[in-house]
Every structure is written in structure tokens, then in C-alpha cells.
Amino acid sequence: MKAYYKYKTEFGEIYIAEEKGYITDIKKEKNFDGKLEETKLIKDTYKQIKEYFMGKRKSFSIPLKPKGTEFQKKVWESLLKIPYGETRSYKDIAKDIGNEKASRAVGGANNKNPIFIIIPCHRVIGASGNLVGYGGGIKMKEKLLQLEKTKNED
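One structure accompanies this document, and this report is about it. This one's a predicted model, so the numbers in the text were calculated from it and none came from an experiment.

Quick notes on the overall build of the chain
Regarding its fold elements, the chain presents five helices and six strands. Start at the N end of the chain and walk to the C end: the helices and strands fall as β-β-β-β-α-α-β-α-α-β-α. At 15 Å, the chain has a C-alpha radius of gyration in line with the 15 Å of a compact globule built from 154 residues. Overall, the chain is about 40 × 35 × 25 Å in size when its C-alpha atoms are taken along their principal axes. Here the analysis covers contacts within the chain between residues at least 6 apart in sequence; of these, 56% occur between residues at least 24 apart. When the 32 basic and 21 acidic side-chain charges of the chain are each reduced to a single mean position, those positions are 2 Å apart.

So this is what it looks like as C-alpha cells:
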């Protein structure tokens, strides 16, 4: 059974869930079943997220196990390769996973990302350079990208 805990952050409330020693969800809404319990892994994950928000952390060392289709998992693995402070287009991700014409499907997989922030779907932008779609909302996407840009310049 999943354990989860809710935290308040400067970016709004987030829910962090773990199951069998892996983080399975980081979301703005609790749309999963589970037991309210602040486990050590959940606490460690929150600590790393706080460090990220403060600009003290550029990568995460958390065991992840997002649930999704094989295609979605390929997309999420590709997102994990985007360096801090950089962005990629949906087409770039499609090329990276070996399916150049799958830009729309990449967008769909991005939208289903269950572990936002750590799996950095906020780093994916439209081919024109515009910020498009984000589960946490465009304002949050903009803030996360600005945070990374500012801290990357330090």
C-alpha cells in the first residue's frame, strides 16, 4: 500500500507518495489511494525538493518508480537526461526516444508524468520556444524554469 504525505511549499501544496521503497507520485492533487504516513523516504524526498527550491540542489538522488506505459516510461527517462537550467522541445524528446514523429504523444506522456519536479517535465517547451502545458500550471512552470535559470548563472 502507498504511503503519502502532504507538504506546503512556496509553489503550493504537494503530495509525495512512496510504495515499497520507491517514490511513485509527486503531485499537486491527491488522486491516488494510500495511507497518510510520513516515511523516511518521503521526508528525504521533501528535503531534497526544498533544497532544489532554495537553489542548493540541481539533481535528485531518490529511487523512483513511476507507473505508466512503456512509451511513457521512455519519455520520462529522456526527461531525466535534460540538464538543470536547460530546456528541450517535444520534438527533441521524440528524437531522443527514437520516434521522431511522436511529438504529440510525448506531450501526452509529459502530461501523465506522476513525479513532477524530479522528473523535469517543466523543462519541455514548444518548438517555438513558448511555454506550453504543465500539470502544475504555466505559472509554476515559468517559476521553476526561472529558478533554474537564475541558480544556473550563480
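What to know about the sheet that holds strand 3 (residues 22–27)
Strand order in the open sheet made by the four strands is 3-2-1-4, with mixed pairing throughout. Both outer strands of the open sheet, strand 3 and strand 4 (35–36), are each paired with one neighbouring strand and no more. Direction of pairing for strand 1 (residues 3–9) relative to strand 4: parallel, over a ladder of two bridges. Directly across from Y4, in strand 4, lies its bridge partner L36. With respect to the sheet, helix 1 (residues 40–53) is in contact with strand 1, strand 2 (12–19) and strand 3, its orientation differing from that of strand 1 by roughly 25°.

Quick notes on the packing of aromatic side chains
Where two aromatic rings form a pair, the distance of their centres and the angle of their planes describe that pair. By the definition in use, this model includes eight aromatic pairs. Pairing Y7 with Y46 gives two aromatic rings, centres 3.8 Å apart and planes at 5°, and the pair type is stacked. On the criterion of sequence distance, the pair formed by Y7 in strand 1 and Y46 in helix 1 is long-range, its members being 39 residues apart. Exposure remark for Y46: the relative accessible area of 16% places this residue in the buried category. Between the aromatic rings of Y52 and F60, the centroid separation amounts to 5.6 Å while the plane-to-plane angle is 45°, which identifies the pairing as tilted. The class of Y52 is buried, set by a relative accessible area of 0%.

Section: the packing of helix 2 (residues 70–79) against helix 4 (residues 103–111)
The axes of two packed helices give the description: the angle between them and the distance between them. Two numbers describe how helix 2 lies on helix 4: the axes approach to 9 Å, and their chain directions differ by 80°. Classified by the angle between their axes, helix 2 and helix 4 sit roughly perpendicular to one another. Residues F71, Q72, V75, W76 and L79 of helix 2 form the contact with helix 4, whose own contacting residues are A105, V106, A109 and N110. In terms of residue class, the contact of helix 2 with helix 4 is built from seven nonpolar, two polar and no charged.

Quick word on unusual backbone geometry
For K20, which is not a glycine, the phi torsion comes out positive at approximately 55°. Topologically, K20 is positioned in the loop between strand 2 and strand 3. Within the chain, I117 stands out as a residue other than glycine whose phi angle is a positive 75°. With respect to the helices and strands, the residue I117 is situated in the loop between helix 4 and strand 6 (124–125).

Conventions we followed
Residues numbered from 1 in each chain as written. Predicted model: local features only at pLDDT ≥ 70, side-chain atom pairs only at ≥ 80, totals over all residues. Heavy atoms only, no water. Helix = DSSP H or I, 4+ residues; strand = E, 2+ residues; numbered from the N terminus. Rg over C-alpha atoms; globule rule 2.2 N^0.38 Å. Contact = heavy atoms within 4.5 Å. Lys, Arg positive; Asp, Glu negative; His and termini not counted. Charge placed at Lys NZ, Arg CZ, Asp CG, Glu CD. Pairing = 2+ DSSP bridges. Axes fitted to C-alpha atoms, helices over the stretch in contact; angles between N-to-C directions. Phe/Tyr/Trp six-rings, centres within 6.5 Å; stacked < 30°, edge-to-face > 60°. Buried < 20%, exposed > 50% of the residue type's maximum accessible area, 1.4 Å probe, protein only. Parallel < 35°, antiparallel > 145°, perpendicular 65-115°, else oblique. Nonpolar A, V, L, I, M, F, W, Y, C, P; charged D, E, K, R; others polar.

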